[in-house]
Amino acid sequence: MRTKAYLKVIAVTVLITLSVLAMFSSVAFAQLKLDTDQNSVKIDVFYHGSTISLSGATDPGADLVIKITSPEGESKLREKGKVGFFWMNTGELKFKHVPNLYFLYSTKDTKDILSPEEMNKHVIGYSSLKEQVEISPIKKDSERTKWFTEFVKFKEESGLYGVSPKSISVTKKGSEERYNINIDWPFQAPPGHYTATVYEIKNKKIVDKAETSISVSQAGLVKTIANMASKNGALYGIVSIVIALLVGFGISLIFKKS
Amino acid sequence: MFLYLPVALTSVSILIILGIGLSIGLLSGLFGVGGGFLITPILMMLGIPPTVAAASGANQMVAASASGTYTHWKLGNVDFKMGIYLLVGSFIGGVLGVYTIAFLKLLGNADFIIKLTYVVIPLTVGGYMVFESLQSMRKARAGVTDELTKEESGFKKFLKTLPFQTDFKKSGVRHSALLPVIIGILVGILAAIMGVGGGFIMVPIMLYILDMPILVVVGTSLFQILFTVIEVTFLSAYTNHTVDFTLALLMLIGSSIGAQLGTILSKKMDAEQLKILLALLILAVGIKILSELTLSPAIHLTV
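As a starting point, this report considers the structure included with it. (Residues numbered from 1 in each chain as written. Chains lettered and ligands numbered in written order. Predicted model: local features only at pLDDT ≥ 70, side-chain atom pairs only at ≥ 80, totals over all residues. Heavy atoms only, no water.)

1. Details of the pattern of salt bridges
All names here are of chain A. Inspection of every chain in the model, using the stated rule, returns 8 salt bridges over all chains. Here Asp59 makes a salt bridge to Lys202, at a shortest N to O gap of 2.3 Å. Taken together, the residues Asp59 in the loop between strand E3 (50–58) and strand E4 (63–69) and Lys202 in strand E12 (residues 192–202) connect sequence positions 143 residues apart. A relative accessible area of 8% places Asp59 in the buried class. One salt bridge connects Arg178 with Glu176, and the closest N-O pair in it is separated by 4.0 Å. Among the residues examined, Arg178 registers a relative accessible area of 24% and is labelled partly exposed. (Salt bridge = Lys/Arg side-chain N within 4 Å of Asp/Glu carboxyl O. Helix = DSSP H or I, 4+ residues; strand = E, 2+ residues; numbered from the N terminus. Buried < 20%, exposed > 50% of the residue type's maximum accessible area, 1.4 Å probe, protein only.)

Now the structure itself:
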């Protein structure tokens, strides 16, 4: 009888603990959301990039990091070196396990709000990207650091990489806290699928995350021309030449008359 | 206002591209050069990949050279006979050039030799032209006419001994038919190595070795360029898919108008002024390439 009573007490305690935990977790984790005003970016004739708004509810007092990336892949770039007096292409470097696009936004400097382990685990920051990149044929660590720095410079110059700390604004609406950021989507980002992830941070640890996808695709005339160029090169070439000839002769005739 | 380029996968300012086209057209109408050595680096600065820049540059040049050739032809400035001989030569040269590159690569220092060609050729050609122009200006000021002082050089005497001498009426010169073909071959090889059309090498050669009058040089060079750029455009579109027609269309509207303005301007300038301007342009290209090659780049990686 005694044992039965003990078991009953234990069962009730476990149930209460579980339900309290469940309640707590719903308070701490379920609030984080990531909404965007556009999941699909269409590239048309006059496209020059876009503005994407990312927003959502967050837990009061938490810090946030938003990361936008393309899937990891391989980038081949030519290395410039000095031969005699001249700077020229001296070889090719392969950068493996790096995204083509990488943007990071945060409420504070990421190093101040996250532990290095957490940053590496979720690939947050250039230093954690450096941890996972494989640069061939580079072997020495000093060389690796040098070429990774050059790689980031090259990507930032191309408008495809960027880190903007203190760029997310958080506002209070009643009892709820909401974050918001307007991102200048670069026109250099090629068509493809991109992922935006928001991380909620407390005590240097990521406590929750939410994701949304952004797809970039060509539309209308841009799509027609791109398809023709890649699928019907001969006809595309002939049309390009004929139009050029017509414009060239046409303009000379206009000038002749005037 | 911006326009998206479907093949280059980037967006550009419409006004900037029209302006680039206009300037390149002006140069080609004035001097008979295609401007390939200028277009590619300028477009690359706007974030366009080098292969797309070169192929679309050739595509727009179809319009500029058609526009310029037509107007120069109407003015009686195109020597078709000379143009066709040079074309045959440069076609053979283009094929030989591809083998020359393969041979240089075998030797292991292809890139270095190519870069050296990029610097040495424009600096030598431009330098010689400036020197020559200054000399004839000095003589003109001293009141000495060219005919009296100009003794035929040994090289020119040698050219007269070559077989198949024939008249090129439009240019008013008599040469061996072999001469333009050989020149075409040599320029074709150099152009293939340097990856440009070769107008800025061909024009001085037509002036100083073939002794053609400058306006006929410009017209004939444009006629020859027209065929070269048609071939390059088709091959690039067919094999590499690198022609961005949106980009080319914007540039060619500018360059066809530019070519007309250049042709009108070329009629208003005297031959010596034209020569010295061309020489300065070629020298500037050489100096620009030299500085690019010797100054440390901001980023040590490139596409």
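2. Quick notes on the side chain of Ser50(A)
Residue and element names in this part refer to chain A. If you trace the backbone, Ser50 turns up in strand E3. Ser50 gets classed as buried once you look at its relative accessible area, which sits at 18%. Within polar-contact distance, the side chain of Ser50 engages the side chain of Gln38 at 2.8 Å. Those residues in contact with Ser50 that sit more than four places away from it in its chain are Gln38, Val41, Ile183, Asp184 and Trp185. (Polar contact = N/O pair within 3.5 Å; in protein donor to acceptor, adjacent residues only side chain to side chain. Contact = heavy atoms within 4.5 Å.)

3. Some words on the pairing of strand E5 (residues 72–83) of chain A
As paired strands, E5(A) and strand E6 (residues 86–99) of chain A are joined by 12 bridges and run antiparallel to one another. Pairing of Glu74(A) across the sheet is with Lys96(A), part of E6(A). The antiparallel hairpin formed by E5(A) and E6(A) contains 2 residues in its connecting segment, where Gly84(A) sits at a positive phi of about 65°. Of the pairings in the sheet, the one linking E5(A) to strand E5 (residues 301–302) of chain B comprises 2 bridges and is antiparallel in character. Among the inter-strand pairings, Arg78(A) is bridged to a residue of E5(B), identified as Thr302(B). (Pairing = 2+ DSSP bridges.)

4. A short note on the sheet that holds strand E8 (residues 134–136) of chain A
Pairing within the open sheet is antiparallel, and its 4 strands lie in the order E8(A)-E6(A)-E5(A)-E5(B). The strands lining the two open edges of the sheet, one partner per strand, are E8 of chain A together with E5 of chain B. Where helix H5 (residues 141–157) of chain A meets the sheet, its contacts fall on E5, E6 and E8 of chain A together with E5 of chain B, and the angle it forms with E5(A) comes to roughly 105°. On top of the sheet, helix H12 (residues 271–294) of chain B reaches E5 and E6 of chain A; it is set at about 55° to E6(A), its chief contact. (Axes fitted to C-alpha atoms, helices over the stretch in contact; angles between N-to-C directions.)

5. Regarding unusual backbone geometry
Only a minority of non-glycine residues have a phi that is not negative, and only a minority of peptide bonds are not trans. In this chain, Ser136(A) is followed by Pro137(A) through a cis amide linkage whose omega measures 5°. When you line up the elements, Pro137(A) lands in the loop between E8 and H5. You will see that Leu9(B), though not glycine, has its phi angle at about 55°, which is positive. Among the structural elements, Leu9(B) can be located in the loop between strand E1 (2–5) and strand E2 (10–13).

6. A closer look at the sheet that holds strand E11 (residues 176–185) of chain A
All names here are of chain A. Taken in spatial order, the 4 strands line up as E1-E3-E11-E10 in an open sheet, and their pairing is antiparallel. The strands lining the two open edges of the sheet, one partner per strand, are strand E1 (35–36) and strand E10 (169–173). Where E3 lies against E11, 9 bridges are found, and the strand directions are antiparallel. Bridge pairing in E11 places Ala57 opposite Arg178.

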